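The residues making up each chain are set out below.
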Amino acid sequence: MQQIINFVIRNKTFLLFLLLFSIALALTIQSHSYHRSKFINSANGLTGGVYGFVNSIDKYFDLERENKRLSEENQRLREQLYNSETTSDITIIDTSYSEGRYKVILADVYKNSYSLTNNYLTINKGKNDSVKQDFGVITSKGIVGIIDNTSKNYATVLSILNKKSRINAKLKTSNHIGSLTWNGTSPEYTQLIDVSKFAPVKEGDTIVTGGQSAIFPKGIGIGTIESFETDISGDTYTIQVKLFNDMTNIGTVYILENLDKEEIKTLERSIDE
């Protein structure tokens with residue numbers, strides 16, 4: 001307290017000046033509408049700038065929560081999409097998608113290899129989250145791979161950049177199908193093999209999932225045709241597919257559970273017997 005009194009005594013002249021200046025300024029603003037409006041506009045501009053700066057900081061630190069919210073919203077929308085009924089170019093959304101054919105589970109990638117001959121990803125969902133072998137894994141851009149093994153809280157994903165990978169795919173513009181494989185060369189490209197020579201193949205066309213398995217619904221993006229060539233037999237094409245996904249940078253993924261999978265497998269086994 002004594003220090004405050006000493007400060008006031010030492011600076012009494014300056015403090016008196018500030019007091020008188022403030023009073024004069026207040027009287028000027030109160031008595032002149034022009035000065036008052038200028039002062040209010042300046043104060044609003046200053047406080048607006050401060051609030052904007054503070055809001056920007058809040059948004060920055062809130063990014064993780066916002067990204068999580070958007071990912072969860074995408075999860076719900078994808079369930080609606082994969083449980084929709086499609087007629088020609090018109091998509092009818094099934095409002096009871098929660099009881100539909102596909103369930104979507106959100107997961108984060110903890111590890112991702114892409115430079116080996118047989119590449120895998122590790123994700124933070126496992127048996128405790130009802131994740132099982134042979135579930136499909138995608139991102140918002142396209143397919144990533146298939147669940148290979150699971151533990152209680154984690155799972156490994158057989159990447160499409162794996163020589164063991166075989167995924168049913170087709171040309172988006174037709175029903176000509178093939179098998180999506182990887183030759184181990186580049187993480188930017190996969191190869192679609194065994195495509196009929198009668199298929200209308202063109203560079204730039206889109207390749208999507210074929211829907212002829214119980215893993216992926218049809219129509220999920222894979223990539224575009226970079227180039228193609230006829231096989232030695234002359235009956236089929238091998239197509240170079242430039243992937244939609246940057247497989248070197250995978251963060252959040254969606255796991256697809258086909259709720260009719262066991263029924264389909266049982267039916268197929270009975271036919272084989």
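Heads up: the structure comes first, above all this text.
As a starting point, this report considers the structure included with it.

Thresholds, definitions, all that
Residues numbered from 1 in each chain as written. Predicted model: local features only at pLDDT ≥ 70, side-chain atom pairs only at ≥ 80, totals over all residues. Heavy atoms only, no water. Pairing = 2+ DSSP bridges. Helix = DSSP H or I, 4+ residues; strand = E, 2+ residues; numbered from the N terminus. Axes fitted to C-alpha atoms, helices over the stretch in contact; angles between N-to-C directions.

### Describing the sheet that holds strand E3 (residues 102-112)
Inference 1: Strand order in the closed barrel made by the six strands is E3-E4-E7-E6-E5-E14, with antiparallel pairing throughout. For this sheet the average axis-to-axis angle between neighbouring strands, irrespective of direction, equals 45°.
Inference 2: Summarising the sheet, E3 and strand E4 (residues 118-123) pair through three bridges and their orientation is antiparallel. Bridging from a neighbouring strand, Val109 pairs with Ile123 of E4.

### Thoughts on the pairing of strand E12 (residues 221-230)
Inference 1: Of the pairings in the sheet, the one linking strand E11 (residues 206-209) to E12 comprises three bridges and is antiparallel in character. Pairing of Ile207 across the sheet is with Gly223, part of E12.
Inference 2: Summarising the sheet, E12 and strand E13 (residues 236-243) pair through seven bridges and their orientation is antiparallel. What sits directly across from Thr230, in E13, is Tyr237.
Inference 3: Hairpin connection of E12 to E13: five residues between the antiparallel strands, including Gly234 at a positive phi of 85°.

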